[in-house]
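# Breakdown of the fold
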Amino acid sequence: MEGLFIHYDSQAPYATAIVTVKKGSDGNSYLWLSEEHKLIPSELIPFTGQYRAMAGISESGIPDNDGFRRVTVDWLEPLDEGEVRTGADGCADDGLDILLDSWITGLEDAYLTIHYNTWWGEHPVHHDFYLVPGEDPYSLELRHDAHGDEKFAMGEGIICFDLNSLPDTGDETRQISLRWKDVNGNVETASFGFKTRK
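Scope of this entry: the structure provided in the associated data block. (Residues numbered from 1 in each chain as written. Predicted model: local features only at pLDDT ≥ 70, side-chain atom pairs only at ≥ 80, totals over all residues. Heavy atoms only, no water.)

## Thoughts on the overall build of the chain
Test applied: Secondary structure elements are taken from DSSP: a helix is a run of H or I of four residues or more, a strand is a run of E of two residues or more, and numbering for both begins at the N terminus. What the globule rule says is 2.2 Å times the number of residues to the power 0.38, and the radius of gyration is computed from C-alpha atoms. Residue burial is assigned from relative accessible area. The probe radius is 1.4 Å, only protein chains are included, and a residue is buried under 20% of its type maximum, exposed over 50%, and partly exposed in between. The contact criterion used is simple: two residues touch if any of their non-hydrogen atoms lie within 4.5 Å. Only the protein chains shown count as cover for residues, and the accessible areas themselves come from Shrake-Rupley with a 1.4 Å probe. Residues scored as charged are limited to Lys and Arg (positive) and Asp and Glu (negative), so that His and the chain ends carry no count. Here the site of a charge means NZ on Lys, CZ on Arg, CG on Asp, or CD on Glu.
In terms of regular secondary structure, the chain is built from 0 helices and 16 strands. The C-alpha atoms of the chain give a radius of gyration of 18 Å, which matches the 16 Å a tight globule of 198 residues would have. Put simply, the chain has 198 residues, and 45% of those count as buried. The contacts in the chain between residues at least 6 apart in sequence include a share of 64% that link residues at least 24 apart. As displayed, the chain offers around 10,500 Å² of accessible surface, 45% of which is attributable to carbon and sulfur atoms. Across the chain, 15 positive and 36 negative side-chain charges occur, with their mean positions spaced 6 Å apart.

Rendered as structure tokens:
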């Protein structure tokens, strides 16, 4: 299985992947890895709503008749989801560093997944993350609210955003321009290919 959001570690008996947990036509959950790879867990995963997750998966057989591949899910951890807002009112602007070279950071299935580094307190409080509009619908600014958390140590985290509320791109891929402030107060930018999820 190849894809943007999958990582193989020779020390682990499974691959680690970023997936979307979705509901199939039979009412059961499946894991969306990419357009080409849709995975059916060997054990039933209760469907409580669509969400983005990190999973440990290993192949357990040949592709099913419907083209879905059966896998064993060793573990499944939902990702924290940030909020897409219509304005920046009330959104703090604390710094964070986006790990652009990480296999986790990217945009797929209309979810922007961000692997980041920022300051955390010795007893960290909850941090909130928002996307607010920029100059046009596909220009976004990432805001981070640390809620006054102390700067005790740098640490990593993962946050995802569902961008499917943005204007429909049809069958085309549009570029998302992302702007944020790093931990030193410098403005950084990056772009990602975005296609509306059907």
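## Quick word on the pattern of salt bridges
Keep this limit in mind: A pair is scored as a salt bridge if a Lys or Arg side-chain nitrogen falls within 4 Å of a carboxyl oxygen belonging to Asp or Glu.
In total, this model carries 8 salt bridges according to the counting rule given. Across the salt bridge formed by glutamate 59 and arginine 69, the nearest N and O atoms sit 3.1 Å from each other. In this pair, glutamate 59 sits in strand β5 (residues 51-63) while arginine 69 sits in strand β6 (residues 69-78), placing the two residues 10 residues apart along the sequence. Between glutamate 83 and arginine 85 there is a salt bridge, and its shortest N-O distance comes to 3.2 Å. The exposure class of arginine 85 is partly exposed, given its relative accessible area of 25%.

## Considerations on the packing of aromatic side chains
Two measures describe an aromatic ring pair: the distance that separates the ring centres and the angle between the ring planes. Condition: Side-chain rings of Phe, Tyr and Trp, where Trp is taken by its six-membered ring, are said to pair if the distance between their centres is within 6.5 Å; with planes under 30 degrees apart they count as stacked, over 60 as edge-to-face, and otherwise as tilted.
Within the structure shown, the criterion is met by 5 aromatic pairs. With 6.0 Å between their ring centres and 80 degrees between their planes, tyrosine 14 and tryptophan 75 make a pair best called edge-to-face. Here the residue tyrosine 14 occupies a position in the loop between β1 (6-8) and β2 (15-23), and tryptophan 75 occupies one in strand β6, the gap between them amounting to 61 residues. We classify tryptophan 75 as partly exposed; its relative accessible area is 28%. When the centroid spacing of 4.8 Å and the interplanar angle of 50 degrees are considered together, the rings of tyrosine 116 and phenylalanine 129 count as tilted. Of this pair, tyrosine 116 sits in strand β11 (residues 111-120) while phenylalanine 129 sits in strand β12 (residues 128-133), placing them 13 residues apart in sequence. The class for tyrosine 116 is buried, based on a relative accessible area of 4%. Take phenylalanine 129: its relative accessible area is 5%, and that puts it in the buried class.

## Quick look at the sheet that holds β12
Our working rule: Two strands qualify as a pair provided DSSP detects at least 2 bridges between them.
With mixed pairing, the 5 strands of this open sheet are ordered in space as β8-β12-β13-β15-β16. Looking along the sheet, the strands with just one partner apiece sit at the ends: β8 (83-84) and β16 (187-194). Across 3 bridges, the pairing between strand β13 (residues 139-145) and strand β15 (residues 174-181) is parallel. Considered in β15, the bridge of serine 139 is made with serine 177.

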